[in-house]
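This is what each chain is made of:
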Amino acid sequence: RPLRIRGSASLPGSAGFDFAWSAESPLDLTAAGAVLTDPALNTRNLVIAGSVLVPGATYTISLDATARSNGAVARASLTVNINRPPFGGQLVVTPAVGTASITPFEADAVGWDDDPGDTPLSYVFNRDGVEALTFEQASQIASELYLGEAGTHHNLPGG
């Protein structure tokens, strides 16, 4: 998902402001595709493409506002921590092979961990983009899943 930031500035009697966004390394706002709103357009809105944000990284983003009436400059900075997905685990399905609607399958999510504040973990299984099963705070579940069309394969995405 993109990161959306909106800045503002006010100064009594000012005829408006010129805005300039910047970021500390490793985030390069000038890289192709990094910014969905052009920082050179003098806008107070910044939208950074989610594809350039690294999970687990911390970025400092700044906005300089220069008053057109007197050239006074103000800077505001924001430190953003990008959430990372759960890590370290695996999804074990037993048995590995079976027949839908006949074989009972058990899914066991073992060894998963997440950053403080991101717990409890929740698990969602989808079929054809529709939520089929959700559970939270348990690492093991047994359930009958809806049978798909003959000859099709359905995967349970992990992570």
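Presented here is a report on the structure given in the accompanying data block.

Parameters at a glance
- Residues numbered from 1 in each chain as written.
- Predicted model: local features only at pLDDT ≥ 70, side-chain atom pairs only at ≥ 80, totals over all residues.
- Heavy atoms only, no water.
- Helix = DSSP H or I, 4+ residues; strand = E, 2+ residues; numbered from the N terminus.
- Buried < 20%, exposed > 50% of the residue type's maximum accessible area, 1.4 Å probe, protein only.
- Contact = heavy atoms within 4.5 Å.
- Core = buried A, V, L, I, M, F, W, Y, C linked by side-chain atoms within 4.5 Å.
- Phe/Tyr/Trp six-rings, centres within 6.5 Å; stacked < 30°, edge-to-face > 60°.
- Pairing = 2+ DSSP bridges.
- Axes fitted to C-alpha atoms, helices over the stretch in contact; angles between N-to-C directions.
- Polar contact = N/O pair within 3.5 Å; in protein donor to acceptor, adjacent residues only side chain to side chain.

Quick look at the overall build of the chain
A tally of helices and strands in the chain yields zero helices and ten strands. For the chain, the sequential pattern of α-helices and β-strands runs β-β-β-β-β-β-β-β-β-β. Burial analysis of the chain (159 residues in total) assigns 25% to the buried set. Pairs at least 24 residues apart make up 48% of the contacts formed inside the chain by residues separated by at least 6 positions.

Structural notes on the nonpolar core
Considering soluble globular proteins, one finds that nonpolar side chains tend to be buried as a cluster. Ranked by size, the top nonpolar core spans 20 residues in total, and within it Ile48 and Ile61 carry the most contacts. Elements supplying a minimum of two residues to this core: strand 1 (3-6), strand 2 (17-23), strand 3 (45-48) and strand 4 (58-67). If one sorts the elements of this core by residue count, strand 4 sits on top with five residues. Isoleucine 48 has contacts with Pro2, Leu3, Leu27, Leu29, Ala34, Val35, Leu53 and Ile61, leaving out every residue within four places of it along the chain. Core analysis: the next-biggest nonpolar cluster, separate from the first, contains five residues, Ala107, Ala109, Leu121 and Tyr123 among them.

Points about the environment of alanine 15
Position of alanine 15 among the secondary structure elements: in the loop between strand 1 and strand 2. Residue class for alanine 15 comes out exposed when judged on its relative accessible area of 57%. Remark: the alpha-carbon pair of alanine 15 and asparagine 70, spanning 55 residues in sequence, is separated by 9.1 Å. Look past the residues within four positions of alanine 15 in its chain and what remains in contact with it is Arg68 and Ser69.

Focus on the packing of aromatic side chains
Inspection of the entire model under this criterion finds one aromatic pair. Geometrically, the ring pair formed by phenylalanine 17 and phenylalanine 19 is tilted, given 6.3 Å between the ring centres and 35 degrees between the ring planes. Of the two residues examined, phenylalanine 17 and phenylalanine 19, each falls in the buried class.

Remarks on the sheet that holds strand 2
Here we have three strands laid out as an open sheet, ordered 2-4-5, and antiparallel in their pairing. Strand pairing shows two members of the sheet lacking a second neighbour, strand 2 and strand 5 (73-81), which therefore form its edges. Across this sheet, the average inter-strand angle for adjacent strands is 20 degrees, counted without regard to direction.

With respect to the side chain of serine 62
Relative to the helices and strands, serine 62 resides in strand 4. On the accessibility criterion, serine 62 (5% relative accessible area) is buried. Within the local environment of serine 62, its side chain forms a polar contact with the side chain of serine 77, the two groups lying 2.7 Å apart.

Considerations on the pairing of strand 1
Only one face of strand 1 is buried, namely the one carrying Leu3 and Ile5, since none of Arg4 and Arg6 on the opposite face is buried. In this sheet, strand 3 lies alongside strand 1 in antiparallel orientation, the contact comprising four bridges. From the neighbouring strand, arginine 6 faces strand 3, where its bridge partner is asparagine 45.

Observations concerning the pairing of strand 5
Both strand 4 and strand 5 contribute to a ladder of nine bridges, which runs antiparallel. Opposite leucine 63, over in strand 5, you have alanine 76 as the bridge partner. In textbook terms, the turn of a hairpin is the stretch between consecutive antiparallel strands, and for strand 4 and strand 5 this stretch comprises five residues, one of which, glycine 71, has a positive phi near 80 degrees.

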